[in-house]
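Tertiary structure, described
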Amino acid sequence: QVQLVESGGGSVQAGGSLRLSCAASGRTFSIYRMGWFRQAPGKEREFVASITWSGGSTAYADSVKGRFTISRDNAKNTVYLQMNSLKPEDAAVYYCAAKTSYSNQYDNWGQGTQVTVSS
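No experiment lies behind these values; they were computed from the predicted model shown.

What follows covers the sheet that holds strand S1 (residues 2-7). Here we have four strands laid out as an open sheet, ordered S1-S3-S8-S7, and antiparallel in their pairing. In the strand order of this sheet, the two ends are held by S1 and strand S7 (68-73), each with one partner. Pairwise comparison of adjacent strand axes, ignoring direction, gives a mean angle of 20 degrees for this sheet. Both strand S3 (residues 18-26) and strand S8 (residues 78-83) contribute to a ladder of six bridges, which runs antiparallel. Each bridged residue has a counterpart across the sheet, and for Leu18 the counterpart in S8 is Met83.

Listed below in structure tokens is the structure:
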């Protein structure tokens, strides 16, 4: 099992920035990809961005390309999501997730952190 703890959420005005962090612990040796997802009220959870644990290969949802950047610090077992030029539609609970060698799906999830964007 991998434990994930998100932090860095908060309230910001449109156009502002936030950086989310996700600290991993436990069987981190089994992680091969980390992702950020978000869920707004009344909507399905959606993919935001992901990064390979070792190689740094990244992927982004079209809605955040050019505004969000995912990165990782393996020494700290932490993944970050830098969010710039935030829009009201980015408001959601953001979840960190890990895909491990035990599954082909994201099988470890954090508790989520709230991001609020006011217009």
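Read on for the rest.
In a soluble, globular protein the nonpolar side chains are often hidden away together inside. If you look at the biggest cluster of nonpolar residues, it comprises 29 residues, and the most contacted ones within it are Met34, Trp36, Leu81, Met83 and Tyr94. Those elements that place two or more of their residues in this core are S1, S3, strand S4 (31-39), strand S5 (46-52), S7, S8, strand S9 (92-100) and strand S11 (113-118).

Turning to unusual backbone geometry, a few remarks are in order. The backbone of Asn77 shows a phi angle near 50 degrees, a positive value even though the residue is not glycine. You can see Asn77 is positioned in the loop between S7 and S8. By relative accessible area, which is 23% here, Asn77 ends up partly exposed. Non-glycine residue Ser85 carries a positive phi angle of around 50 degrees. Mapping Ser85 onto the fold places it in the loop between S8 and S9. The class for Ser85 is partly exposed, based on a relative accessible area of 41%.

Counting across every chain of the model gives four aromatic pairs. The interplanar angle of 75 degrees and the centroid separation of 5.7 Å between the aromatic rings of Phe37 and Phe47 together place this pair among those described as edge-to-face. Taken together, the residues span a long stretch of sequence, with Phe37 in strand S4 and Phe47 in strand S5 at a distance of ten residues. Assessed through its relative accessible area of 30%, Phe47 is described here as partly exposed. Looking at Arg45, its charged tip hangs above the ring of Trp109, at a distance of 3.8 Å from the centre. The cationic tip of Lys99 hangs over the ring face of Tyr106; the distance from NZ or CZ to the ring centre is 4.7 Å.

Close approach of charged atoms allows side chains with opposite charge to pair. Considering all chains together, one arrives at four salt bridges under this definition. Between Lys65 and Asp62 there is a salt bridge, with its nearest N and O atoms 3.2 Å apart. Between Asp90 and Arg67 there is a salt bridge; the shortest N-O distance is 2.7 Å. Of the two residues, Asp90 sits in the loop between S8 and S9 while Arg67 sits in the loop between strand S6 (58-60) and S7, which places them 23 residues apart along the sequence. Connected through salt bridges with shared partners, the residues Arg38, Glu46, Arg67 and Asp90 form a single ionic network.

Cut-offs and rules
- Residues numbered from 1 in each chain as written.
- Predicted model: local features only at pLDDT ≥ 70, side-chain atom pairs only at ≥ 80, totals over all residues.
- Heavy atoms only, no water.
- Pairing = 2+ DSSP bridges.
- Helix = DSSP H or I, 4+ residues; strand = E, 2+ residues; numbered from the N terminus.
- Axes fitted to C-alpha atoms, helices over the stretch in contact; angles between N-to-C directions.
- Core = buried A, V, L, I, M, F, W, Y, C linked by side-chain atoms within 4.5 Å.
- Buried < 20%, exposed > 50% of the residue type's maximum accessible area, 1.4 Å probe, protein only.
- Phe/Tyr/Trp six-rings, centres within 6.5 Å; stacked < 30°, edge-to-face > 60°.
- Lys NZ or Arg CZ within 6 Å of the ring centre and 35° of its normal.
- Salt bridge = Lys/Arg side-chain N within 4 Å of Asp/Glu carboxyl O.

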